Amino acid sequence: MTLWIRAWGGNVGAGLTVERGATLRHPPSSGWDIGTAVYLGRNCILDIQPGAVLAIGSRTKIMHFVVIGAETRIEIGEDVQISEFSSVRDANHVIDSPVVIAKSGMKSSAISIGNDVWVGRGSAVLSGAKIESGAVVGANSVVNKGVDSDSIVAGAPARLLRKRQNR
Ligand SMILES: CC(C)(COP(=O)(O)OP(=O)(O)OC[C@H]1O[C@@H](n2cnc3c(N)ncnc32)[C@H](O)[C@@H]1OP(=O)(O)O)[C@@H](O)C(=O)NCCC(=O)NCCS
């Protein structure tokens with residue numbers, strides 16, 4: 001996959017691991033910037049629209065069955081872990097419209113995830129989410145707003161449990 005990403009104009013560092021079943025929904029583009037030693041787990045899906053920005057920092061792990069879906073922009077920092085069955089999607093269907101939802105178009109707001117973030121399994125990181133470095137998102141959470149650095153949040157919607165200790 002490394003050569004494929006580069007052939008389409010994207011950047012990718014050495015040591016990309018791509019497990020079986022990991023899929024790109026669209027060809028990569030020059031908006032891709034993947035660091036070194038990034039891990040794409042089994043059956044994860046990168047659903048990145050042509051022309052959208054996808055940045056994934058070095059040593060970040062996208063675990064099995066994770067979906068990353070970008071209409072415009074998703075930036076994920078270094079040493080991040082996105083645990084299994086989570087999705088990170090920067091767009092919603094337009095729902096305030098007389099048109100059927102499937103045909104009403106998408107509205108996108110960029111997502112950013114800092115460095116050293118752990119997103120617990122089965123979480124939904126939605127349009128507009130900004131998760132700062134060092135944060136932890138508990139299992140099965142829903143995040144569509146800001147999460148402060150070193151915060152541990154959980155739930156739907158995700159709320160602050162506490163701050164990380166010994167930081
Ligand atoms: C958030 C997490 C890291 C634990 O943090 P913690 O500070 O040790 O939290 P605690 O276990 O002490 O729980 C504190 C409170 O938060 C609640 N809580 C913990 N995790 C929660 C979650 N995911 N969703 C909702 N509430 C949660 C607890 O029930 C507890 O509530 P209480 O005070 O009313 O009893 C952990 O619960 C979690 O969700 N881990 C994700 C595991 C995972 O997805 N692994 C994937 C493979 S790496």
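Note: the structure precedes this text.
These numbers were taken from a predicted model, which means no experiment stands behind them.

Asker: Any chance you could explain the site of the ligand here in plain terms?
Answerer: In the vicinity of the ligand, the contacting residues are S83, E84, W118, G120, R121, G138, A139, I152, A154, G155, L161 and R162. Here A139 contributes a backbone N or O atom positioned 2.8 Å from an oxygen atom of the ligand. R162 is positioned such that a nitrogen or oxygen atom in its side chain is 2.7 Å from an oxygen atom of the ligand. When the ligand sits alone it has 910 Å² of accessible area, and the protein chains cover 42% of it. Within the residue set of the shell around the ligand, elements represented by two or more residues are β22 (151-154) and β23 (159-163). Classifying every residue of the shell around the ligand gives 5 nonpolar, 4 polar and 3 charged.

Asker: Looking at this structure, how should I read the environment of A70?
Answerer: Tracing the backbone through its elements, the reader meets A70 in strand β9 (residues 67-70). Given a relative accessible area of 1%, A70 falls into the buried group. For the pair A70 and R121, spaced 51 residues apart in the sequence, the C-alpha separation amounts to 20 Å. With sequence-adjacent residues up to four places away left out, A70 is seen in contact with D47, I48, Q49, A52, V53 and D90.

Rules used throughout
Residues numbered from 1 in each chain as written. Predicted model: local features only at pLDDT ≥ 70, side-chain atom pairs only at ≥ 80, totals over all residues. Heavy atoms only, no water. Near = heavy atom within 4 Å. Polar contact = N/O pair within 3.5 Å; in protein donor to acceptor, adjacent residues only side chain to side chain. Areas by Shrake-Rupley, 256 points an atom, 1.4 Å probe, with all protein chains shown as cover. Helix = DSSP H or I, 4+ residues; strand = E, 2+ residues; numbered from the N terminus. Nonpolar A, V, L, I, M, F, W, Y, C, P; charged D, E, K, R; others polar. Buried < 20%, exposed > 50% of the residue type's maximum accessible area, 1.4 Å probe, protein only. Contact = heavy atoms within 4.5 Å.

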